[in-house]
Amino acid sequence: MSKVTVVGAGAVGATCANVMACREVASEVVLVDIKEGLSEGKMLDMYQCSTLMDFDTKVVGVTNDYKKTANSDVVVITSGIPRKPGMTREELIGTNAKIMKGVVENVIKYSPRAIIIVVANPMDTLTYLALKVSGLPKNRVVGMGGALDSSRFKCYLAKATGANINNVDGMVIGGHGDTTMIPLVSKATVNGVPVSQFASKKKLQEAVQNTMVGGATLTKLIGTSAWYAPGAAAAMMVESILNDQKKLIPCSCYLEGEYGQSDLCIGVPAIIGRKGIEKIVKIDLTKEEEAMFAASAAAVHKTNDVLRETNAL
């Protein structure tokens, strides 16, 4: 028996819960929100899909009652205000830091052995906050960002190369921000063959730029943050944990010297299994990529400094 709680019944949280229910990732999925009736209604709607989609996951919706989340194996935190057009992820920090702190305290009270996946923005800084507030070991708090950014990179690489998207492999490291993420063209392949054999340098650079503004592009088109891919990315991480799949997933991890950085959470490739972050994988970067990663880390540190000014830590 396994249990997953998703905090935040907005579009991302509800999508994450729905993907996990349909894929039977866990025996029980609990959706929590502060708005009366929202999580209950969405989970009732999902339950009515069970015979249509042939799943028997137990789905529970509750309003601000963390007792119902007790003994969760994994908790996904999506709660917080979403981005609006023109907003940066960093501009969300004041409000979302307060929300994150309260959520983490409640989560740990009832599920002290849980692994926490942070989705809310600014994701790297809120992952750092969740780690510090929870007091959990660093392997049990992870940010989703790189998993989502990499899925967007693969999407744009598929468009650039004309390849089947499921044959495309690509990785994004660094901060989960429009100017801080680093799509690694040097490591991108189509079924093991470098993407440079399928697309021009110009097209590949366009794929990089489109990836970096991928979230902002969707926000401009639909008027708020995206939800299908973010929800699915978080669900994929939960599945790798509960089923001990040990997938290599770029995600926000706490570094203590890896990649030349310390005391921050930032996107790096990691093995994700039943213990959470089981290993941070060191990959060879070009000199240019190393410089970009250092600059990205400096930007994340700067946002963490803003967090400290809010007295959230």
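The structure presented is a predicted model; accordingly, all values stated were derived computationally and were not measured. Residue positions are counted from 1 within each chain, in the order its sequence is given. Under the rules for a predicted model, residues below a pLDDT of 70 receive no local features and side-chain atom pairs below 80 are neither given nor counted, while totals for whole chains, interfaces and linings still include all residues. To get the side-chain values, take all heavy atoms of the structure and skip hydrogens and water.

## Points about the pairing of strand β13 (residues 262–273)
Stage number 1. Per-residue accessibility, obtained with a 1.4 Å probe over protein chains only, is compared with the maximum for each type, and a residue is labelled buried under 20%, exposed over 50%, and partly exposed between these values. Numbering of helices and strands runs from the N terminus; a helix is a DSSP stretch of H or I covering at least four residues, while a strand is a stretch of E covering at least two. For β13, a buried count of 10 out of 12 residues is recorded, marking the element as mostly surrounded by other parts of the structure.
Stage number 2. Sheet topology places strand β12 (residues 247–256) next to β13; 10 bridges connect them, and they run antiparallel. Bridge pairing in β13 places Ser252 opposite Gly267.
Stage number 3. For two strands to be treated as a pair, DSSP must find at least two bridges joining them. In this structure, the hairpin formed by β12 and β13 is closed by a connection of five residues, where Gly257 is found at a positive phi of approximately 110°.
Stage number 4. As defined by bridge partners, β13 adjoins strand β14 (residues 276–280) across four bridges and the pair is classed as antiparallel. Directly across from Ile272, in β14, lies its bridge partner Ile277.
Stage number 5. The antiparallel pairing of β13 with β14 creates a hairpin that spans two residues between the two strands.

## Things to note about helix α8 (residues 214–222)
Stage number 1. All of the buried residues in α8 are Gly214, Gly215 and Thr219. One face of α8 carries all of its buried residues, which in axial projection span an arc of 135°. Exposed side of α8, more than 90 degrees from the buried face: Lys220 and Leu221 are the residues found there.
Stage number 2. Following α8 by one or two positions, Gly223 has its phi on the positive side, about 85°. In this description, the arc belongs to the directions extending from the helix axis to the C-beta atoms.

## What to know about the state of the cysteines
Stage number 1. Cysteine sulfur atoms are paired as a disulfide whenever they fall within 2.5 Å. Taken as a whole, this structure holds zero disulfides when the rule is applied.
Stage number 2. Cysteine Cys49 remains unbridged, with the sulfur of Cys22 as its closest cysteine sulfur at 6.5 Å.
Stage number 3. Cys265 carries a free sulfur, and the closest cysteine sulfur to it, the one in Cys253, is 7.8 Å from it.
Stage number 4. Take Cys265: its relative accessible area is 1%, and that puts it in the buried class.

## Let's talk about the nonpolar core
Stage number 1. Side-chain atoms within 4.5 Å link the members of a nonpolar core, which is a set of buried Ala, Val, Leu, Ile, Met, Phe, Trp, Tyr and Cys residues. By size, the foremost hydrophobic cluster in this structure holds 54 residues, and its most contacted members are Met20, Val76, Ile117 and Val238.
Stage number 2. The element best represented in this core is helix α9 (residues 228–242), accounting for seven residues.
Stage number 3. Listed in part, the 30 residues of the second largest apolar core include Ala97, Ile116, Ala130 and Leu131.

## Description of the packing of aromatic side chains
Stage number 1. Within 6.5 Å between ring centres, the rings of Phe, Tyr and Trp (the latter by its six-membered ring) count as paired, and their orientation is classed by plane angle as stacked under 30 degrees, edge-to-face over 60, tilted in between. Tallying each qualifying case throughout the model produces three aromatic pairs.
Stage number 2. Geometrically, the ring pair formed by Trp227 and Tyr228 is tilted, given 5.4 Å between the ring centres and 55° between the ring planes.
Stage number 3. Owing to a relative accessible area of 25%, Trp227 belongs among the partly exposed residues under this scheme.
Stage number 4. In this analysis the charged atom, NZ for Lys or CZ for Arg, is taken to sit over a ring once it is within 6 Å of the ring centre and within 35 degrees of the ring normal. One residue, Lys282, lies across the ring of Tyr259, its end atom 4.8 Å from the ring centre.

## Some remarks on the side chain of Glu28
Stage number 1. If you trace the backbone, Glu28 turns up in strand β2 (residues 28–33).
Stage number 2. In this count, Lys and Arg are taken as positive residues and Asp and Glu as negative ones, while His and the chain termini are left out. What makes a salt bridge here is a side-chain nitrogen of Lys or Arg within 4 Å of a carboxyl oxygen of Asp or Glu, nothing more. Lacking a salt bridge, the buried Glu28 has Lys58 as its closest oppositely charged neighbour, with an N-O distance of 4.2 Å.
Stage number 3. Not counting chain neighbours up to four residues away, the residues in contact with Glu28 comprise Ser2, Lys3, Val4, Thr57, Lys58 and Val60. The contact definition used throughout considers only heavy atoms, calling two residues in contact when any of these lie within 4.5 Å.

## Section: the pattern of salt bridges
Stage number 1. In the structure shown here, the tally under the stated rule is eight salt bridges.
Stage number 2. One salt bridge in this structure joins Arg23 and Glu239, with 3.1 Å as the shortest N-O distance. You can see Arg23 sitting in the loop between α1 (11–22) and β2 and its partner Glu239 sitting in helix α9, a full 216 residues away along the chain.
Stage number 3. For Glu239, a relative accessible area of 12% gives the class buried.
Stage number 4. Residue Lys138 pairs with Glu256 through a salt bridge whose shortest N-O separation is 2.6 Å. Of this pair, Lys138 sits in the loop between α5 (123–134) and β6 (141–143) while Glu256 sits in strand β12; the two residues are 118 residues apart in sequence, bridging distant segments of the chain.
Stage number 5. Relative accessible area serves as the criterion here: at 33%, Lys138 is assigned to the partly exposed category.
Stage number 6. You can call Glu256 exposed: its relative accessible area is 51%.

## Focus: the sheet that holds strand β7 (residues 168–169)
Stage number 1. Taken in spatial order, the three strands line up as β7-β10-β11 in an open sheet, and their pairing is antiparallel. Edge strands, defined here as strands with exactly one partner in the open sheet, are β7 and β11 (193–194).
Stage number 2. Where strand β10 (residues 189–190) meets β11, two bridges bridge the pair, whose relative direction is antiparallel. What sits directly across from Thr189, in β11, is Pro194.

## A short note on the environment of Ser111
Stage number 1. Mapping Ser111 onto the fold places it in the loop between α4 (93–110) and β5 (115–118).
Stage number 2. In the structure, Ser111 is positioned 143 residues away from Tyr254 in sequence and 21 Å away in space, judged by C-alpha atoms.
Stage number 3. Leaving out residues up to four positions away in the same chain, Ser111 has contacts with Thr69, Ala70, Asn71 and Ser72.
Stage number 4. Polar contact is defined as a pair of N or O atoms within 3.5 Å, subject to the rule that within protein one atom must be able to donate a hydrogen and the other to accept it, and that residues adjacent in sequence are counted only when both atoms are side-chain atoms. Among the polar contacts made by the side chain of Ser111, one reaches the main-chain carbonyl oxygen of Thr69 at a distance of 3.1 Å.

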